[in-house]
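Residue strings, one per chain:
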Amino acid sequence: MDPAGPVARGQLGLIESSFWIMVEIFIVVSAVLVVALIRFRARSDQKDLPPQVHGDNRLEFLWTIVPALLLALLAVGTVKESFADTGSPVVKHALLVNVTGHQFWWAFQYPSLDNLVTANELHVPVGEKIELGLTSADVLHSFWVPRLGGKTDLVPGKTNYIWFEADKPGIYYGQCAEFCGTGHADMRLIVDAQTPAKFNQWVKTMENPVSTPTSALAKEGEKLFGTVGCSTCHTVGGTSFAGAVGPNLTDLTGRLMIAGNTFPNTPQNLYKWVHDAPAMKPGALMPNFDYLPPHDVKALVAFLESLR
Ligand code: CUA
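Residues numbered from 1 in each chain as written. Predicted model: local features only at pLDDT ≥ 70, side-chain atom pairs only at ≥ 80, totals over all residues. Heavy atoms only, no water.

Peer 1: What's the story with the pattern of salt bridges in this structure? I'm lost.
Peer 2: Note that side chains of opposite charge can pair when their charged atoms are close. Within this structure, the stated rule accounts for 4 salt bridges. A salt bridge links Arg58 to Asp56; the nearest nitrogen and oxygen atoms lie 3.5 Å apart. Taking the relative accessible area as the measure of exposure, Arg58 reaches 68% and is therefore exposed. Across the salt bridge formed by Asp186 and Arg188, the nearest N and O atoms sit 3.3 Å from each other. On the basis of relative accessibility, which here comes to 16%, the residue Asp186 falls in the buried class. (Salt bridge = Lys/Arg side-chain N within 4 Å of Asp/Glu carboxyl O. Buried < 20%, exposed > 50% of the residue type's maximum accessible area, 1.4 Å probe, protein only.)

Take a look at the structure:
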């Protein structure tokens, strides 16, 4: 109800016009009902049944044609809005971002920006059309950032295109809107709409990732990342770790949240997450590492905290 871009505004306009059409129908039907109740009520001097009336061609015609016209009116608006919101095949001058739904997180890939990849936090420049190519790696998901636009399904083996634009810089919250398993409610995302200058800065950071663990602990963590199994799933830009199953962790310290945008990105939460992810987020496909000694987990967190 609080649109922050042209697509969301158009969709809200459609909802509002449908709402007012329905309010008018409600008022007319209620008024006719009240008049009928009063005018044709049983009177005290009335013994017999009132005259029995069957059929009225004018009325039948009227209550067929009026709803048909109203539906046609709504259909025109709906079809117009649907075509205006689809990004298919490609919206002109739009920044394309490929979105892949995973149980239970989001992958964002920018083909025109060096193919950079990030997870759960979609960075976009304000005032620019963003085209999303939506698909899924496993089951059905649905992309939904209410202030920027309506829901669109992510279907395995198919790409759906939509677009949106954010008017003002800010954080816009989103949520998977199609039941996709245990972690569905925790499959969240944010859209971080930035001024073009800040966005370009973010792109530069992502294109030149720095992984420079300085402390001995962080260096130990980097080694463990490769030996205990983290690197089979996760990519870390600036290192040789290139797993492609779980979220890309490049510039992890730049993120506000972890675990599909469920918990604030703090060292304490990272520790709990690395130690036993499924305990923090039921259904999480990241394995339980609670057999690792606390020192190793601390080292891994120190390494993750060094990713810029
Ligand atoms: Cu993904 Cu619900």
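Read on, since the account is not over.
Peer 1: It is not clear to me how a nonpolar patch on the surface should be interpreted in this structure. Could you clarify?
Peer 2: Nonpolar side chains collect at one region of the surface, where Leu59, Phe61, Leu62, Trp63, Ile65, Val66 and Leu69 lie side by side and expose about 700 Å² of accessible area between them. Residue Val66 is classed as partly exposed on the basis of its relative accessible area of 40%. (Patch = residues over 30% accessible without salt bridge, like charges linked within 9 Å, V, L, I, M, F, W, Y side chains within 5 Å. Areas by Shrake-Rupley, 256 points an atom, 1.4 Å probe, with all protein chains shown as cover.)

Peer 1: I would appreciate a short explanation of the packing of helix H4 (residues 216-227) against helix H8 (residues 294-304) in the present structure.
Peer 2: The relative placement of two packed helices is expressed as an angle between their axes plus a distance between the axes. The geometry of H4 relative to H8 is characterised by a closest axis approach of 7 Å and an angle of 100° between their N-to-C directions. By the criterion of interaxial angle, the relationship of H4 to H8 is roughly perpendicular. Here Leu217, Ala218, Glu220, Gly221, Glu222, Leu224 and Phe225 of H4 lie close against H8, whose contacting residues are His295, Asp296, Lys298, Ala299, Leu300, Ala302, Phe303 and Leu304. Within the contact of H4 with H8, the residues separate by chemical class into 9 nonpolar, 2 polar and 4 charged. (Axes fitted to C-alpha atoms, helices over the stretch in contact; angles between N-to-C directions. Helix = DSSP H or I, 4+ residues; strand = E, 2+ residues; numbered from the N terminus. Parallel < 35°, antiparallel > 145°, perpendicular 65-115°, else oblique. Contact = heavy atoms within 4.5 Å. Nonpolar A, V, L, I, M, F, W, Y, C, P; charged D, E, K, R; others polar.)

Peer 1: Help me understand the sheet that holds strand E4 (residues 121-125), please; the structure alone is not making it clear to me.
Peer 2: Think of a sheet as strands paired side by side through backbone hydrogen bonds, with each pair either parallel or antiparallel. An order of E4-E10-E9 is seen for the 3 strands of this open sheet, with the pairing classed as mixed. Because the sheet does not close on itself, it has two edges, and the strands there are E4 and strand E9 (170-175). When the angles between neighbouring strand axes are averaged without regard to direction, this sheet yields 25°. One ladder, built from 5 bridges, connects E4 with strand E10 (residues 188-194); its direction is parallel. Across the sheet, His123 pairs through a bridge with Asp192, a residue of E10. Running over the sheet, helix H3 (residues 196-207) touches E4 and E10 and is turned about 130° from E4. (Pairing = 2+ DSSP bridges.)

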